[in-house]
Each structure stands twice: as structure tokens, then as C-alpha cells.
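Structural characterization, general
These are the residues of each chain, in order.
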Amino acid sequence: MHEHQTLLSALAGKLVVFEGPDGSGKTTQFSRFSELCAKGGLGVTEVREPGGTGIGEAIRNLLLAHDHGDMTLRCEMLLYMASRAQLVEQTIRPALAQNHLVLADRYVTSTIAYQGAGGGLPEDEILDVARAATGGLEPDMVVIFDVDESTASCRRSAEPDRIEARPGDFRDRVRRGYLEQAKRWPDNHLVIDAMCDADGVFDRLISGLTERFCPKARKTGS
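Let me begin by describing the structure that accompanies this report. (Residues numbered from 1 in each chain as written. Predicted model: local features only at pLDDT ≥ 70, side-chain atom pairs only at ≥ 80, totals over all residues. Heavy atoms only, no water.)

Considering unusual backbone geometry
- Following E49, the chain continues to P50 via a peptide bond in cis, the omega torsion being -15°.
- As for its position among the elements, P50 is in the loop between β2 (44–48) and α3 (54–64).
- If you check the backbone angles, N99 has positive phi at about 65° while not being a glycine.
- Position of N99 relative to the elements: it lies in the loop between α4 (73–97) and β3 (101–105).
- Residue N99 is classed as partly exposed on the basis of its relative accessible area, which comes to 46%.
- The residue R106 is not glycine, and still its phi comes out positive at about 85°. (Helix = DSSP H or I, 4+ residues; strand = E, 2+ residues; numbered from the N terminus. Buried < 20%, exposed > 50% of the residue type's maximum accessible area, 1.4 Å probe, protein only.)

What follows is the structure, encoded as C-alpha cells:
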């Protein structure tokens, strides 16, 4: 634990988002990293999207249920943003004010990837709504767990939700959308090759975050 203390100290009061296509292993790494932070004495607030509040969970049920197949893409995007707006105001901002690490399972990056790159909504429209929904709150770091479709398909649930059930070409566009964002905004995006086993991915995660948040410690080996 001691070897990670410099990193944990640097993460206090930060918003770090875990992202990736369905089946990327993101949820496993999220739980493992949150546990590491908590054991190291860092205050951690976990949030997930859509959801994380009473209103957000009701919206989540609407978004992911198969019986809403007639939902339009723009409606879908706005519902994600509505859930996000409630989450930011009710949970994320108060947690940051308490100097917690806020660890988020998805944020605006996923909307750009899924409803934008995947679904075809103009990115500028998504970003305009995102600024209104979040009050301009941007993550300190977005970690993208990247896998190819064949690997992701083996990891996905046997009972996919409405979004996960979309065809392979949609998922290919989503993956490209994630990588394009990381390429355009490299300062606060970190891509982790998540093709290997969970332990290997976790090692890459810790190494990548340490390099970004504690570059001096990384160079000195502390």
C-alpha cells in the first residue's frame, strides 16, 4: 500500500472517470481501484451513470429497459444528461468539496462515444447540453479501457440491456469514438490496453495514473 501513497494523496479532490465499451472490464477495475483507495485512507465517493441518485436510477430504468425500443436517439441523450445533472449537483460537487476522490463509472465521454460516434448525433450538440447539465464540471482524468470487439463480446453479460444489444458495427463506432477523444484531448485522457488479464490491466492502470498525477515520483521510482 505504501508504494501507492503518493498517487492516492494526489487524487484527493479529483474527479476520475472510468470509461470503455461494454465488456471492456471497466467495472472490475473500478471496484478494485476504489478498494485500493479506501484501504489507503483516501475518501472515495463512487458514482455510476446513468443513476447514482433516486432520480438517476429511475432514468436508468427507462434507458436500459428493452420495452422502450421506440426511444429516439436525442431523447436518449437528453435522459443521460438529465441523470448526470442531478448526479453532479446532488453528489459529485459536494464530494469534491469534501476533498474526496470522486470515482465515476462513465461521464460525458460515454455520451460522445455512444450517442455521438455510435448513434450519429452531432458532437457539438452533445457538448452544448453537457455544459448545461454539468455546469462545466470536467474530469481531471478519463481512463478508457480499450478492447477489441471479439474480446468484449466474451466478457459481456449473457442478458444485454437495450444499449448493449445494439449490433457490432455500432460497437465498433463506439470504440473508435473513445479512441478519437483520447487522441484529441490527450491531457486528461488515459488509454489502457485492457486485452490482458485483470491483474495485468490493473498494473497498467496504476502505472498510467502515477505517470499522469505523480510524474516526479514516477521518475525517481518513489
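Topic: the packing of aromatic side chains
- Going through the model one piece at a time under the given rule, you end up with 5 aromatic pairs.
- Aromatic pair Y114 and F170: ring centres 6.1 Å apart, planes at 55°, arrangement tilted. You can see Y114 sitting in helix α5 (residues 108–118) and its partner F170 sitting in helix α8 (residues 168–184), a full 56 residues away along the chain.
- Its relative accessible area of 7% is what places Y114 among the buried residues.
- Plain terms: the ring middles of Y114 and Y178 are 6.3 Å apart, the flat faces sit at 80° to each other, and that makes the pair edge-to-face. Remark: Y178 occurs in helix α8 and Y114 occurs in helix α5; sequence separation between them is 64 residues. Summarising the burial analysis for this pair, Y114 and Y178 share the class buried.
- One aromatic cluster in this structure is built from F18, F30, F33 and F145.
- One cation-aromatic arrangement involves R32 over F202; the distance from NZ or CZ to the ring centre is 4.3 Å.
- Residue placement shows R184 over the ring face of W185; its charged tip is 4.4 Å from the ring centre. (Phe/Tyr/Trp six-rings, centres within 6.5 Å; stacked < 30°, edge-to-face > 60°. Lys NZ or Arg CZ within 6 Å of the ring centre and 35° of its normal.)

Observations concerning helix α2 (residues 26–39)
- Its 14 residues place the ends of α2 20 Å apart at the C-alpha level, agreeing with the 20 Å of an ideal helix rising 1.5 Å per residue.
- Within α2 the residues assigned to the buried category are K26, Q29, F30, F33, S34, L36 and C37. End-on view of α2: buried residues confined to an arc of 160°, all on one side of the axis.
- Check the buried side of α2 and you find it contacts α1 (5–11), β1 (15–19), β2, β3, β4 (141–146) and α9 (198–213).
- Positioned one or two residues after α2, G41 has a phi angle of 90°, which is positive. (Expected span 1.5 Å × (residues − 1). Arc of directions from axis to C-beta. Contact = heavy atoms within 4.5 Å.)

What to know about the side chain of T53
- With respect to the element layout, T53 can be found in the loop between β2 and α3.
- Exposure remark for T53: the relative accessible area of 5% places this residue in the buried category.
- Once you skip the residues sitting within four places of it in the chain, T53 turns out to touch Q86, L87, Q90 and T91.

The values reported here are purely geometric and, on their own, carry no functional implication.
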